[in-house]
Amino acid sequence: MNGIILFNPRSANAKFRVPNSILNIAASVEGQYTWTIVDGNRELDPLGRIRQLLESGRFKYLGITVMPGPQLKQAIPVSKAIRGWFPDTKIIWGGYFPTNQFKVVLNSGYVDFVINGPGDHCFPRLITALENNQPYELIKNLIYKSGDRIIKTIKEDLIEQDNLPDLPYDKLAEIYPMEKYLGRTYLGQKTLAYHSSIGCPFTCSFCAVVPTYEARWKAKSAQRVYNDIKYIKDKWGADAIEFHDNNFFVSEKRTVEFARLILPEKMNWWGMARIDTMHKFKDSSLALIREAGCKIIFFGAESGNNAVLKQMDKGGTQTGDQIAEFAERMKKFGIIPEYSFVLGTPAPTPAEVEAQIDFEIEFIKKIKRINPGTEIVLYTYSPVATEGSDLYNQALAKGFKFPEELEDWISPAWENFDLRKNPLTPWLTPAMIDKIKNFETVLNGYFPTVTDIRLSNFKRKAIRLVAGIRYNTNLHRYPYEIKLLHRMWNYRQPEIQGF
């Protein structure tokens, strides 16, 4: 038989989200090939389940979606084991990790193909070519090995998203009860994860999206997005939405149209945006967006230093002054701005690296004075393999390099690297890393995130009281008492664990 197993490796503990990426692939082969899904977030033994399916003789292909970080902990050992047990099974990886690290993936010997970007056309065409013993050299968005050579086919233009088939939610619900995919979050009791667009029209050199989409963006229409969400709300009771788009708010017109459609549904929602894009939105648009249920928006502030923003190739018109102005503006509409900052970019000397870190710490405190409700997310700079990027070339020149063996990516150090928490970059000294982490601990103590729904008011006040003296006097070193409270009360960091 020629069935397809689509595997979603575990990405979080005790938190399930609709596996949209593999549902897209399932939709692309629906009606052509038999398919099933194995969700590592829902299976106690996903490898055993995959082996059982392959032993049935009904399946011949294994497609795996792989994001950097936690998903590698299942994707690598599962692929390696399946290659040993079922050497004729074709193993196909897609997602940001294999797109950015295709050489180490294909050189592992247990991945046959990498889908280089969207797989809606590439994946079914590859399966058809393999089934009919046809050449696949002209299939776009494909990377594979031919002998010792790695072949990359040309990129396909982004597909009009409204032309794609509906996602097979009902078939997913036959495999795993849909209700468990609608989790309790800061936004609501039954929160739906949804993708309304792909890509981003910018080329930030620290972002893993750039090599995949190359500054391109395509979105579903507001009506199509509303129809999908309304279906899931009516059938399974969804009451909130996490838009996992790389950049939901690219178009003010589409955003406003969606806000008008979703307004009567009384659903809370969250998405990602750029500050310089949304700062151009009319006041009336921002007011409508909030009225329609948008509670919090994630913005890549990245740095208050204009020179660092240029180094990051942030593009657009974003500046440190604009970041501050927009934080002030958002107070008027009651939308929480969630600002991420990237600390620890390379500089000519260690003194300059440390000076940049000190600048960002003071700038973040300035933002909190302007709008105390601003959520702050801290990352340390982690290089992304973006060919031609000045920032990536600077990292290489400083002695940084990625692992040469795929198995090395699942070591604890490199897993934290993918979460942008352990940079493994030679220009950051242990003292600099401690400075960033200690400030983050104090910041999270004095301003505990509103998105941690398990943290009671008493716990919030206690942590804030303990952290207050440190925050207000810049005594960030050795914040052991705050770390102890965070550990005792299982404090959740949204950049690691989500809402």
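Residues numbered from 1 in each chain as written. Predicted model: local features only at pLDDT ≥ 70, side-chain atom pairs only at ≥ 80, totals over all residues. Heavy atoms only, no water.

Novice: I'd like a description of the overall build of the chain, backed by residues and values.
Specialist: From N to C terminus, the chain includes 21 helices and 15 strands. Relative to its length of 499 residues, the chain is compact, with a C-alpha radius of gyration of 23 Å against a globular reference of 23 Å. Along the first, second and third principal axes, the C-alpha set of the chain runs to 70 × 55 × 45 Å. Out of the 499 residues belonging to the chain, those deemed buried represent 59%. Once local pairs closer than 6 in sequence are excluded, the contacts in the chain between residues at least 24 apart make up 74%. For the chain, the exposed surface amounts to about 20,900 Å²; the carbon and sulfur share of it is 52%. On the chain, the mean spot of the 64 positive side-chain charges and the mean spot of the 56 negative ones are 4 Å from each other. (Helix = DSSP H or I, 4+ residues; strand = E, 2+ residues; numbered from the N terminus. Rg over C-alpha atoms; globule rule 2.2 N^0.38 Å. Buried < 20%, exposed > 50% of the residue type's maximum accessible area, 1.4 Å probe, protein only. Contact = heavy atoms within 4.5 Å. Areas by Shrake-Rupley, 256 points an atom, 1.4 Å probe, with all protein chains shown as cover. Lys, Arg positive; Asp, Glu negative; His and termini not counted. Charge placed at Lys NZ, Arg CZ, Asp CG, Glu CD.)

Novice: Before we move on, could you go through the pattern of salt bridges and cite the residues and values that matter?
Specialist: Taken as a whole, this structure holds 24 salt bridges when the rule is applied. Residue Arg329 is joined to Asp283 by a salt bridge in which the shortest nitrogen-to-oxygen separation is 2.7 Å. With Arg329 in helix H14 (residues 320-331) and Asp283 in helix H12 (residues 283-291), the pair connects residues that are 46 residues apart, well separated along the chain. Overall, Asp283 belongs to the partly exposed group, its relative accessible area being 36%. The residue Asp358 makes a salt bridge to Lys435 at a minimum N-O spacing of 2.8 Å. Taken together, the residues Asp358 in helix H15 (residues 350-370) and Lys435 in helix H18 (residues 430-446) connect sequence positions 77 residues apart. Within the structure, one salt-bridge network assembled from shared partners comprises Asp166, Lys220, Arg224 and Asp228. (Salt bridge = Lys/Arg side-chain N within 4 Å of Asp/Glu carboxyl O.)

Novice: Tell me what's going on with the packing of H18 against helix H19 (residues 457-473), and back it up with residues and numbers.
Specialist: Contact geometry for H18 and H19: axes closest at 7 Å, N-to-C directions at 130 degrees. As summarised for this structure, H18 and H19 are arranged oblique, according to the angle between their axes. Where H18 crosses over H19, the two elements pack in a sense that is left-handed. Residues Phe439, Val442, Leu443, Asn444, Gly445 and Tyr446 of H18 touch H19, and the partners they reach there are Ile463, Arg464, Ala467, Gly468, Arg470, Tyr471 and Asn472. The residue makeup of the contact of H18 with H19, split by class, is seven nonpolar, four polar and two charged. (Axes fitted to C-alpha atoms, helices over the stretch in contact; angles between N-to-C directions. Parallel < 35°, antiparallel > 145°, perpendicular 65-115°, else oblique. Left-handed = near helix turned anticlockwise from the far one by under 90°. Nonpolar A, V, L, I, M, F, W, Y, C, P; charged D, E, K, R; others polar.)

Novice: Give a description of the sheet that holds strand E5 (residues 113-115) that names residues and reports values.
Specialist: Taking strand neighbours across the sheet as the criterion, the seven strands line up as E2-E1-E3-E4-E5-E6-E7 in an open arrangement whose pairing is mixed. Each having just a single partner strand, strand E2 (35-39) and strand E7 (149-152) make up the two edges of the open sheet. Geometrically, the sheet is characterised by an average inter-axis angle of 20 degrees between neighbouring strands, direction not taken into account. With three bridges joining them, E5 and strand E6 (residues 142-146) adopt antiparallel strand pairing. Residue Phe113 lies in a different strand from E6, and its bridge partner there is Tyr144. (Pairing = 2+ DSSP bridges.)

Novice: Could you give an account of the side chain of Asp276, with specific residues and numbers?
Specialist: Mapped onto the elements of the fold, Asp276 is located in helix H11 (residues 275-278). Within the structure, Asp276 has its side chain in polar contact with the backbone nitrogen of Thr317 (distance 2.8 Å). In this view, Asp276 contacts Gly315, Gly316, Thr317, Gln318 and Gln322; residues no more than four positions away in its chain are not counted. (Polar contact = N/O pair within 3.5 Å; in protein donor to acceptor, adjacent residues only side chain to side chain.)

Novice: Residue-level account of the nonpolar core, with values.
Specialist: Nonpolar side chains tend to gather and get buried jointly when the protein is soluble and globular. Counting residues in each nonpolar core, the largest one holds 145 residues, and the members touching the most others are Trp93, Ile229, Phe249, Phe258, Trp269, Met278 and Tyr339. It is H18 that contributes the most residues to this core, seven residues altogether. Once residues within four sequence positions are removed from consideration, Ile229 is found in contact with Leu192, Tyr194, Ile241, Phe243, Phe258, Ile262 and Met267. Counting residues in each nonpolar core, the second largest holds six residues, with Tyr96, Leu158, Ile198 and Val209 among its members. (Core = buried A, V, L, I, M, F, W, Y, C linked by side-chain atoms within 4.5 Å.)

Novice: Now, about unusual backbone geometry: what can you tell me, with residues and values included?
Specialist: Although it is not a glycine, Asn474 adopts a positive phi angle of roughly 60 degrees. Its location among the elements puts Asn474 in the loop between H19 and helix H20 (480-488). Residue classification places Asn474 among the partly exposed positions, given a relative accessible area of 42%. Residue Asn490 is not a glycine yet carries a positive backbone phi of 50 degrees. For Asn490, the location among the structural elements is in the loop between H20 and helix H21 (494-497).

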